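What the coordinates show
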Amino acid sequence: MPDQRGSSSLAVLPGTHPTFYAVFDRIAVANNKYMATLFNTSATRIMRVTHVWRFAWQVAVVTGALKDQYLARITARTAGTGVTIHADDPSDTLSAGMSADTNSSSVSESHIMLRAPAVSEEMILVAPQLQLLLGTDDRAQSLAERIPGQRGILLRQNEGVTVRNITSGTAGTVSYIMEFFDLPA
């Protein structure tokens, strides 16, 4: 997960890869909306998705807002609102053709990879410690994670991954972080 302590640089270790992430912060939900999308148009580079997290970072009062969502592989889309991709090491440069957006349209889905309900209601800020921990701990909010020894989700030319909201309710927001390596094809 991205370093949230604000370190100014990360050491490059042998055998590591340039790591990037997009933060989709407090995305408003809607019926059949593509909430968070990574897409690769590069013929010479691949995106290896290492982690996808989903959080309820909302503090405004919204209750009873359970959402039906899924993670899907896609083969085409019209980009919606761009989301900035950041590097773990500020000296790393993202290759051309790799992008992130929310609210994509004209999406061609290849297949659903994972279906998981989401919550778009506020965190209980005065909750018992266990409830607060479960709502903010990145391990409890993991949708997909590359396991050592596995390739993870590979996005080659004209491939992507997206989180789609199915539920028609519009109450609340949901946030996502998608982390990936930028590697040679």
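Along each chain, residues carry numbers from 1 onward, in the same order as the chain's sequence is written. Residues qualify for local features only when their pLDDT is at least 70, as the model is predicted, and side-chain atom pairs are given and counted only at 80 or more; totals for whole chains, interfaces and linings, by contrast, use all residues. Calculated side-chain values reflect all of the structure's heavy atoms, with hydrogen atoms and water omitted.

Quick word on unusual backbone geometry
Rules: Here a strand is any run of E in DSSP of at least two residues, a helix any run of H or I of at least four, and the numbering for each starts at the N terminus. The rule is simple: take the accessible area with a 1.4 Å probe, protein chains only, and divide by the maximum for that residue type; under 20% is buried, over 50% is exposed, in between is partly exposed.
A positive phi angle, near 55°, is found at Asn-32, a position not held by glycine. With respect to the helices, strands and loops of the structure, Asn-32 is situated in the loop between strand S1 (19–28) and strand S2 (33–40). On the basis of relative accessibility, which here comes to 33%, the residue Asn-32 falls in the partly exposed class. For Asn-103, which is not glycine, the phi dihedral falls at a positive 65°.

Considerations on the environment of Met-98
Convention followed: Contact definition: two residues touch when any of their heavy atoms are within 4.5 Å.
Secondary-structure assignment places Met-98 in strand S7 (residues 98–102). A residue is classified by how much of its surface remains accessible, and Met-98, at 7% relative accessible area, is buried. In this structure Met-98 touches Phe-39, Asn-40, Arg-45, Ile-46, Met-47, Ile-85, Phe-180 and Asp-182, once residues within four positions along its chain are discounted.

Side note on the side chain of Glu-179
Rules: Positive charges come from Lys and Arg alone, negative charges from Asp and Glu alone, with His and the N- and C-terminal ends not counted. One side-chain nitrogen of Lys or Arg within 4 Å of one carboxyl oxygen of Asp or Glu is enough to make a salt bridge.
Take Glu-179: it is sitting in strand S12 (residues 173–184). Nearest to the buried, unbridged Glu-179 among oppositely charged side chains is Arg-146, at 8.3 Å.

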